[in-house]
Amino acid sequence: MALTTNKSILDWIDEKAELVKPDKIIWIDGSKEQIEALRAEACETGEMIKLNQELLPDCYLHRTKPNDVARVEDRTFICTRKEEDAGPTNHWCDPQEMYKRLYDIARDSYKGRTMYVIPYSMGPIGSPLAKAGIEITDSIYVVLNMCIMTRVGKAVMDVLGDSNDWVRGFHAKCDVDKEKRYICQFPEDNTIISVNSAYGGNVLLGKKCFALRIASYQGWKEGWMAEHMLIVGIENPQGEVKYIAAAFPSACGKTNLAMLIPPKYLRDKGYKVWTVGDDIAWMRIGEDGRLYAINPENGFFGVAPGTNEKSNFNALASTKKGAIFTNVCHKLDDNTVWWEGLNKDLPTDAIDWKGERWDPSKFNKADKSTCAAHPNSRFTAPAENCPCLSSEFNSTTGVPISAIVFGGRRAKCAPLVYQSRDWENGVFIGSTMASETTAAAAGAVGVVRRDPMAMLPFCGYNMSYYFRHWLEMGKRLGDKAPKIFNVNWFRTDDEGNFIWPGFGDNMRVLNWIIDRCEGKADAVETAIGYVPKAEDIDLTDLDLDIDTLRSILKIDKATWEKEAAEIEEHYKKFGDKLPEELRAQLDKLEANIAKL
Ligand code: OXD
Ligand code: MN
């Protein structure tokens, strides 16, 4: 039975049903009974495997096709009427042409299948910061993941009423044919269409497609921000909590920072860390003029390999109940899961992510093809499982952001931490964000990839307009604007070893950031911004001396000359649409470096 009488929704569903011809249509109400029935059906067809219910209650395993294991940036399109509105960093196609291509692919593809209609909310239902969506899919895996990652059910439709302000998400698995795979956003129509994939990032349409690509466009039009940022609360011994939003490209430890456990000496003093979000932040200016953020999601879609009790205790704990594992290794001896980096006990009786028996004697860490779990294997875990989940997680007003942090993986360039001179300078730093490739990824090691605000694959419109939008938000926020910082946990010594310990010890840097926001810590003005005095970063209990710390706070002239030249190249992409304020920031950086 339909969960709404909203005509714009019912008409759209009729239209899509007419196109794909499902055998039946089922509305998802998110109830326990319905979820249980779908799990049972998926286990019967082999789509999912029920795991050991004593050790992992309500947890399931799913394997995708080997050709369908990651987001596909080269098949991702922003379809705006004018090509210029998608900008130089997105793939573009004319909307009418793309609709036709996609409808031709999807036509009749639900025959013999069920159409599931998922009404969901990004953000706490009823929050002025939340938005509604409907996803249509022919995959139970998608339904069950969406029930973890978003808030699903009739209450979403009740709040929406007759409004037309909802995002259309249409997914068709088709034949999972890589050559006909498309992930398309139509921001001017509030529409997403995804065909020929059944892998999380491409098909959980609430996440990257809606909460970043479509929402960034909506934020531009409506005066708010959708960002690829974690949100974390830092509680001091007096019980005051300050919130930080932080953007990092992938492979920089974003989930770890969101769920960080402070070093013992800080825990003993009473410091605590609270997770609001691990991937996406929606931010609006509140009544008091400050910037407020919500996490639009309701779960974590995290990378499994490397997650263990030490690297991220809280993420691992989140996967122990009601989770879906995708493309990890299946341990047959106890019917649980395993992945590289979980522990040192290589399973001897196990099935790998491709569904084949795994031979641990052939395992070679350096050769990904011998791994039992796919390097991009995932867990979908309910946020409510997270031991350090913030009490503000469901807050309808969101949390006030004191600091925005950008970061990347740079072996030699950026110091451990620095503060921008002001908002405009902070936007410049975000717009030039970069990370170096690691040995973990295919291709050359140490290649710099520019990823402005970590939004390169996720900005749903012209990135030059996005930079302009950031500058405008700063003007509206005025002196209430969060302070903007940049961090780099990844400086290396001459042998390539990381100098900074990272993980929980990053809390020492977050404390300096909070102190700066409160005017409690000093800093040195440098060519690139404000760098801490070494003595203001607390090194208690660390095997790191102050001179070594000084070495990773240093700004090296030759390195920064090269960096400025690379930023020149990066900016060329944006042509004359690049805001002149950012051009002026680069000129200033060059002049400052020349004086070093
Ligand atoms: C993610 C990503 O999966 O950013 O969150 O790639
Ligand atoms: Mn992400």
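Residues numbered from 1 in each chain as written. Chains lettered and ligands numbered in written order. Predicted model: local features only at pLDDT ≥ 70, side-chain atom pairs only at ≥ 80, totals over all residues. Heavy atoms only, no water.

Caption draft 1: Representation of the site of ligand 1 in the model. Taken together, Arg71, Lys208, His228, Asp279, Arg378 and Phe458 are the residues near ligand 1. Within the side chain of Lys208, an N or O atom sits 2.9 Å from an oxygen atom of ligand 1. Between an oxygen atom of ligand 1 and a side-chain N or O atom of Asp279, the distance comes to 3.3 Å. Summarising the interface, the protein chains cover 84% of the accessible area of ligand 1, which totals 210 Å² for the free molecule. In terms of residue class, the shell around ligand 1 is made up of one nonpolar, one polar and four charged. (Near = heavy atom within 4 Å. Polar contact = N/O pair within 3.5 Å; in protein donor to acceptor, adjacent residues only side chain to side chain. Areas by Shrake-Rupley, 256 points an atom, 1.4 Å probe, with all protein chains shown as cover. Nonpolar A, V, L, I, M, F, W, Y, C, P; charged D, E, K, R; others polar.)

Caption draft 2: Representation of the coordination of the manganese ion (ligand 2). Only Lys208 (NZ), His228 (NE2) and Asp279 (OD) from the protein coordinate the manganese ion (ligand 2), and they sit 2.2 Å from it. Every donor residue of the manganese ion (ligand 2) comes from the same chain, spaced as K-x19-H-x50-D. Of this pair, His228 sits in the loop between β12 (225-227) and β13 (229-235) while Asp279 sits in the loop between β15 (272-277) and β16 (281-285), and the two are 51 residues apart along the sequence. Taking the relative accessible area as the measure of exposure, His228 reaches 7% and is therefore buried. (Donors = N, O, S within 2.8 Å, 3.2 Å for Na, K, Ca; no water. Helix = DSSP H or I, 4+ residues; strand = E, 2+ residues; numbered from the N terminus. Buried < 20%, exposed > 50% of the residue type's maximum accessible area, 1.4 Å probe, protein only.)

Caption draft 3: Expanded view of empty space enclosed by the protein. All chains considered together, the criterion is met by two cavities of 30 Å³ or more. Taken as a whole, the largest cavity encloses approximately 210 Å³ of empty space. If you go around the largest cavity, you meet 23 residues; those closest to its centre are Tyr418, Ile429, Thr432, Trp560 and Glu563. Sorting the residues of the lining of the largest cavity by element identifies α12 (423-431), β28 (483-487), α16 (557-572) and α17 (580-594) as the ones contributing at least two each. Of the residues that constitute the lining of the largest cavity, the class distribution is 13 nonpolar, seven polar and three charged. Of the voids in this model, the second largest cavity is the one considered here, and its volume is about 30 Å³. What lines the second largest cavity is Ser216, Trp224, Met225, Ala226, Glu227, Tyr461, Tyr466 and His469. Sorting the residues of the lining of the second largest cavity by element identifies β12 and α13 (463-477) as the ones contributing at least two each. (1 Å grid on protein atoms, 1.4 Å probe; cavity = no way out; pocket = protein on both sides within 12 Å on 5 of 7 lines; lining within 4 Å. Points joined across faces, edges and corners; volume = space filled by probe spheres on them.)

Caption draft 4: Molecular detail of the nonpolar core. Of all hydrophobic cores here, the largest spans 163 residues; its most connected members are Phe325, Trp470, Trp500 and Ile513. Here this core gets nine residues from one element, more than from any other, and that element is helix α5 (residues 140-149). What Phe325 contacts, discounting residues up to four positions off in sequence, is Leu51, Leu56, Cys59, Tyr60, Leu61, His62, Thr319, Val337, Trp339, Arg378 and Phe379. Ranked by size, the runner-up nonpolar core spans 34 residues in total, among them Trp12, Leu19, Met98 and Met157. (Core = buried A, V, L, I, M, F, W, Y, C linked by side-chain atoms within 4.5 Å. Contact = heavy atoms within 4.5 Å.)

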